[in-house]
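# A look at the structure
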Amino acid sequence: MKHEFWHDKWQKNEIGFHLNQPDSLLVKYIDSLNLEKNNRIFLPLCGKSLDIHWLLAQGYHLIGIDLSPIAIEELMAELAIPFTERKLEKLTHYHHPQIDLFVGDFFELTSSNIGKIDAIYDRAALVALPEEMRTDYAQHLMQISNQATQLLISFEYDQSVMAGPPFSISPQQLKDYYSKQYQLQLLDSQTELLKGKVDAEEKIWLLKPY
């Protein structure tokens, strides 16, 4: 999936993946991460998710990255807090004492850019990527985060009805990506009408490193 796909989505405001409230499964299961105030949560491909507002209100420090400058600019405007900007070699970094945001290609992000990560919340990254990109994504995520514990959202549905994204990801596929490094635990699932087109099981997983 090329960068132009996502740039085009944001330019046309075709962001049906953007929820108008925090994800109910995140709110219900955030405590499974056993975090303390000011612990650092990484949100890959974060968009302008309202999950960010909710997590900040809980007292966590957040680190997010998105390919789209529109997404990050709109997020910062909605947060209404001051950021400082600095240009990295291939990324732009916006800093506030409680949140660091990066614009650019996820695969250009390094562990030195993001620092120590206490947990990962992946609601919209793995499911946004086509199958041929997911193994590389998972490997890079584990490398830059030092295999931090994850809360991960997946969807399972009939892709002959809707092609995605978000893509349908089976439990076996998740195991293929992560089971060598993590113990996978399904915490909960709920049925929803995805994009008004297809019934899908939204699942939340806890991934704990061995």
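Residues numbered from 1 in each chain as written. Predicted model: local features only at pLDDT ≥ 70, side-chain atom pairs only at ≥ 80, totals over all residues. Heavy atoms only, no water.

As recorded in an unreviewed UniProt entry, the protein chain goes by Thiopurine S-methyltransferase and comes from Acinetobacter junii. Listed in UniProt under the heading Catalytic activity (unreviewed entry), the comment for the protein chain reads: "S-adenosyl-L-methionine + a thiopurine = S-adenosyl-L-homocysteine + a thiopurine S-methylether." (UniProt positions renumbered as here; feature names shortened; annotations may be inferred.)

Attention shifts here to helix H6 (residues 131-145). Over its 15 residues, H6 extends 22 Å from the first C-alpha to the last, a length consistent with the 21 Å expected when each residue adds 1.5 Å. Within H6 the residues assigned to the buried category are Arg134, Tyr137, Ala138, His140, Leu141, Met142, Ile144 and Ser145. Considering only its buried residues, H6 is in contact with strand E1 (40-44), helix H5 (111-114), strand E6 (119-122), strand E7 (149-156), helix H7 (171-178) and strand E8 (182-194). (Helix = DSSP H or I, 4+ residues; strand = E, 2+ residues; numbered from the N terminus. Expected span 1.5 Å × (residues − 1). Buried < 20%, exposed > 50% of the residue type's maximum accessible area, 1.4 Å probe, protein only. Contact = heavy atoms within 4.5 Å.)

Applying the stated criterion across every chain yields a total of three aromatic pairs. A ring pair is formed by Phe106 and Phe107, whose centres lie 5.3 Å apart and whose planes are at 75°; its orientation type is edge-to-face. For Phe106, a relative accessible area of 5% gives the class buried. Residues Phe106 and Tyr137 carry aromatic rings whose centres are separated by 5.0 Å and whose planes lie at 40° to one another, so their mutual orientation is tilted. With a gap of 31 residues between them, Phe106 in the loop between strand E5 (99-103) and H5 and Tyr137 in helix H6 connect regions that are remote in the sequence. These aromatic residues form a ring-pair network of at least three members: Phe106, Phe107 and Tyr137. (Phe/Tyr/Trp six-rings, centres within 6.5 Å; stacked < 30°, edge-to-face > 60°.)

Within the element layout of this structure, Ser68 appears in the loop between strand E2 (61-66) and helix H4 (69-79). Side-chain polar atoms of Ser68 contact the backbone nitrogen of Ile70, separated by 3.2 Å. (Polar contact = N/O pair within 3.5 Å; in protein donor to acceptor, adjacent residues only side chain to side chain.)

This brings us to the UniProt feature "binding site: S-adenosyl-L-methionine" (unreviewed entry) in the protein chain. Residues given the UniProt feature "binding site: S-adenosyl-L-methionine" (unreviewed entry) here are Trp10, Leu45 and Arg123. With respect to the helices, strands and loops of the structure, Leu45 is situated in the loop between E1 and helix H3 (50-57). Residue contacts for Leu45: discarding those within four places in its chain leaves Ile65, Asp66, Phe106, Ala124, Ala125, Ala128 and Leu129.

Another aspect to go through is unusual backbone geometry. Cis geometry marks the peptide bond from Gly164 to Pro165, where omega comes out at 5°. Relative to the helices and strands, Pro165 resides in the loop between E7 and H7. Going from Pro165 to Pro166, the amide bond is cis rather than trans, its omega being -5°. Residue placement: Pro166 occurs in the loop between E7 and H7. If you check the backbone angles, Asn34 has positive phi at about 55° while not being a glycine. Among the secondary structure elements, Asn34 is positioned in the loop between helix H2 (24-29) and E1. Asn34 gets classed as exposed once you look at its relative accessible area, which sits at 62%. Phi angles above zero are rare outside glycine, and Leu45 is one such case at about 50°.

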